[in-house]
Amino acid sequence: MTVHTYLASLVQYGVNTGLIEECDRVYMTNQLLQVMGLDAYEAAEPVEMPLEDILKGLLDDACARGVCQDDITSRDLFDTKLMGVLTPLPREVRAKFQALYAEDPVKATDWYYKLSQDTDYIRRYRIKKDLRWKTKTEYGDLDITINLSKPEKDPKAIAAAKAAPQAGYPKCQLCPENEGYAGRMNHPARQNHRIMPLEIAGSQWFMQFSPYVYYNEHCIAFNSQHTPMVINKSAFSKLLDFVTVFPHYFIGSNADLPIVGGSILSHEHFQGGHYCFPMEVAPVEHELSFKGFEDVKAGIVKWPMSVIRLDCADKERLVELADKILGAWRAYTDEAAFIFAETDGTPHSTITPIARRRGKDYELDLVLRNNITTPEHPLGVYHPHAELHHIKKENIGLIEVMGLAVLPARLKKELADLEVAILNGDALTGDLEKHTAWVEEMKTKYTFTKENITGILREEVGQIFSHVLEHAGVYKRDEAGRAAFVRFVDHVNAI
């Protein structure tokens, strides 16, 4: 197939998806020729094929002619430039979204999500590579994923990124200035990226979808200004304002301290979407009452982490109570429960908040977090402990707090190799050696066969994730832990 056939097929893809109109065909063809470094076009019939195959054909041709370097990062930069040609201008995207929102917020977000996929900002063909399953636990069915949609950088790309000059524009990958940015070896291209403006709590924000989509309509709301993450009264107001604008979405914030926070603490942002997480359906197992807020329904959630759930039709009442709980928690020390507000002037306590609607009511889940470390647990006392690091060592952020494990890509190969080693009776060496204790324990519980081993390993990984969440909980799931939790609630009521 010639490069001209791939070009014709990409233009036809644009027409078919509504990114461009029939009258744009010649203009778009010429724009794509310019990106490809070609001076002429030989008319060709488009061939219907997946977008991934069209882009691969164009990339292979560009690399063969030296127009594009043949490494993963350079190819991603180049195919994003191609898709940017077909992507409508921001004013067109915003006008369409606003018109649809006036009809129905769901219609608006459905259209915007499809657009973000059609432009290849969300790469459908990479998302499909992720491994996903559910595991039944005492806390409900937890979602387990092994994320494979972020491409692994090859040595050439890593070397090129290291050699690239350090630029301060955009300041980070969440800044509005990413919209339309060409990218570089150490910053992704975003010509096919469109962001949506919104006002929450009287401040200018934007919304976009995550290019990696850990769940349905995985969106990110972010401050128009490059300002650090902070959990405060204003943050609660912003979260509840967001679910007022988009009542079919949930929204939550990573905590604002290291270890218990997200990967980007330098830019205030939230994550939301159209998805029901396991935490959302977890029941309240112990009802609470807060003095002066008897109109707010409250309780401790049956969850591996320490969660206070608040429900009320008046969102301002939720904001006031959440702020009171946050202030109390930040200053609270209970040595018997190993809860320390600070050590040597370093604060340890914060909250991971999640907002959603329950019919006409508003709901806030407040997850108590603490990032204290000890010599025994240098990565955090309330963090996955060393015996679980063979499965999960990374921080427990918002998404995992709610019951969706985002496990490292290495596990796909390691679990496949473990199957072979276990069935063959081979010694565990190299990357598999860290799983030795786990495998020996499983051998006392199961008789492995070719038919059952995949299911057993997935089940056990899911159970380990439930233990990971228990480790991240500040109060243990026992009588002493419950008593300590109630002591904190009593402290809040005494203020």
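Scroll up a little and you will see the structure.
Per-chain numbering applies: the sequence of each chain, read as written, is numbered from 1 onward. Given that the model is predicted, a residue must reach a pLDDT of at least 70 before its local features are reported, and side-chain atom pairs must reach 80 or more before they are shown or counted; all residues, however, enter totals for whole chains, interfaces and linings. Only heavy atoms go into the side-chain values, all of them from the structure, while hydrogens and water stay out.

Some words on the overall build of the protein chain
Counting from the N terminus, the helices are the DSSP runs of H or I reaching at least four residues and the strands are the DSSP runs of E reaching at least two. What the protein chain contains, in helices and strands, is 16 helices and 15 strands. Its C-alpha atoms give the protein chain a radius of gyration of 25 Å, within 12% of the compact-globule value 23 Å for 495 residues. The principal-axis extents of the C-alpha atoms in the protein chain amount to approximately 80 × 60 × 40 Å. By the burial criterion, 56% of the 495 residues in the protein chain qualify as buried. For the radius of gyration, the atoms used are the C-alpha atoms, and the globule rule reads 2.2 Å times the number of residues raised to 0.38. Remark: exposure states derive from per-residue accessible area (1.4 Å probe, protein chains only) relative to the maximum for the residue type, with buried under 20%, exposed over 50%, and partly exposed in between.

Structural notes on the nonpolar core
One finds Leu10, Phe242, Phe290, Leu310, Ile325, Tyr475 and Phe488 to be the most contacted residues of the largest nonpolar core, which totals 96 residues. Among the elements that take part in this core, helix α11 (residues 315-330) stands out by supplying eight residues, more than any other. Grouped together as the second largest cluster of nonpolar side chains are 49 residues, Met279, Ile453, Ile456 and Phe465 included. Side-chain atoms within 4.5 Å are what join buried Ala, Val, Leu, Ile, Met, Phe, Trp, Tyr and Cys residues into a set we call a nonpolar core.

Details of the pattern of salt bridges
When the charged atoms of two side chains with opposite charge come close together, those side chains can pair. By convention in these notes, a salt bridge is any Lys or Arg side-chain nitrogen within 4 Å of a carboxyl oxygen on Asp or Glu. Scanning the model with the defined rule gives 37 salt bridges in all. One salt bridge in this structure joins arginine 358 and glutamate 363, with 2.9 Å as the shortest N-O distance. Note on arginine 358: relative accessible area 33%, which makes it partly exposed. For glutamate 363, a relative accessible area of 2% corresponds to the buried category.

Examining the sheet that holds strand β8 (residues 284-288)
Two strands are said to pair when DSSP picks up at least two bridges between them. Spatial ordering of the open sheet is given by β3-β4-β5-β7-β6-β13-β14-β10-β9-β8, a layout of 10 strands whose pairing is antiparallel. Single-partner strands in this sheet number two, and they are β3 (196-200) and β8. The sheet shows a mean angle of 25° between the axes of neighbouring strands, direction not considered. Note that strand β10 (residues 307-312) and strand β14 (residues 361-370) share six bridges and pair antiparallel. All axes here are fitted lines through C-alpha atoms, helices being fitted over the stretch that makes contact, and every angle between N-to-C directions spans 0 to 180 degrees.

Considerations on unusual backbone geometry
Tyrosine 169 connects to proline 170 through a cis peptide bond whose omega is -20°. Mapped onto the secondary structure, proline 170 falls in the loop between α8 (155-163) and β3. Positive phi values are uncommon outside glycine, yet alanine 201 reaches one of about 50°. Phi angles above zero are rare outside glycine, and valine 213 is one such case at about 40°. Here valine 213 lies in the loop between β4 (203-209) and β5 (219-223).

Things to note about the environment of aspartate 314
Relative to the helices and strands, aspartate 314 resides in the loop between β10 and α11. You can call aspartate 314 partly exposed: its relative accessible area is 37%. The spacing of aspartate 314 and phenylalanine 338 is 24 residues in sequence and 35 Å in space, taken between C-alpha atoms.

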